[in-house]
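Here are the chains, one letter per residue:
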Amino acid sequence: MSVSFSLTTWNVNSVRARLDNVLTYLDEHEPDVVCLQETKVEDQLFPRVPFMELGYQLALHGTKGYAGVATLTKGAKPEDVQLGFADGPKDKHRRIVACTYAGVRIYNLYVPNGTALGSEAFTYKLEWLARLRAELGARFSPSDNVVLCGDFNIARDERDVWSVEAMRGGTHFTPEEHAALDALEDFGLRDCFRKHDQEPGRFTWFDYRNASWERRQGLRIDYVYATEPMHERCTEVVLDWEPREWDTPSDHCPLTAHFS
DNA sequence: ATGGTTGTTAGACAA
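Cut-off values and rules
- Residues numbered from 1 in each chain as written.
- Chains lettered and ligands numbered in written order.
- Predicted model: local features only at pLDDT ≥ 70, side-chain atom pairs only at ≥ 80, totals over all residues.
- Heavy atoms only, no water.
- Salt bridge = Lys/Arg side-chain N within 4 Å of Asp/Glu carboxyl O.
- Buried < 20%, exposed > 50% of the residue type's maximum accessible area, 1.4 Å probe, protein only.
- Near = heavy atom within 4 Å.
- Polar contact = N/O pair within 3.5 Å; in protein donor to acceptor, adjacent residues only side chain to side chain.
- Nonpolar A, V, L, I, M, F, W, Y, C, P; charged D, E, K, R; others polar.

(A) Focus on the pattern of salt bridges. Within the structure shown, the criterion is met by 13 salt bridges. Note that D157 is salt-bridged to R159, the shortest N-O span being 2.8 Å. In this structure, D207 engages R209 in a salt bridge whose closest nitrogen and oxygen atoms are separated by 3.0 Å. What makes D207 buried here is its relative accessible area of 16%. You can call R209 exposed: its relative accessible area is 58%. In the salt-bridge network here, residues are joined through shared partners; they are D160, D191, R194 and R220.

Next up, the structure:
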């Protein structure tokens, strides 16, 4: 019999700058698993205590100033923690922490932004995604209980961008990036949010610039992907815009999936 | 708008 749990993924854009917001949110919603991205802090300086006081145990993979991921679990510790890719060169950017919780392999991901077309960062993004796909294929079967969540920095289709026109010439909505998502889906991953909601405009990120939030001009770039058995068990996914209204918000909104 | 804002960290850089 499987254990039901909830999982919140949230790019917080600095866990220290966002500490009050994040703690307030977790205290209210009490998700069993929390996957944070862009923690922007080395592990020694991560504010562990207030999260432990809320009942969480932590798996950290951070570095000074940028990127960084953290997975928090309630009731049981994150087991078999993997930092970075399983094989090959180290994940020097600190963008992956994987762990097992309730018998489910959970990948917390902060996919490289890609910065600009033609940049080294864009090449790195595509190579990083290819490496992720290879790791999944080498280590898992589509029938395993696997969840990949986090900031993918790719908008899936036209419903997931505020303006197709505005995306032209930039990253996050190119054929190459879509092919990378296709490859993950070809492995057997499913978009849990789209199981329950087909509407356009369900954006998870709003640029700090250009009053994007006030205009509701954003992108859906944060996802909970799951293999078929976990997709089956996904009963609901909640995109919460409320914290975007709070003082000093992250540019991303939390997304919470429920698994039965 | 080859800009706009935020965070880290002390001038750019990443996003």
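(B) The arrangement of the protein's contact with DNA strand B in detail. By nearness alone, 15 residues border DNA strand B, and S14, R18, K64, R95 and N113 come closest of all. The sugar-phosphate backbone supplies 62% of the atoms of DNA strand B found within 4 Å of the protein. Contacts to DNA strand B include R95, whose side-chain N or O atom sits 2.9 Å from a phosphate oxygen. Take N113: an N or O atom from its side chain is 3.5 Å from a sugar or linking oxygen of DNA strand B. Of the residues in the surface near DNA strand B, the class split is three nonpolar, six polar and six charged.

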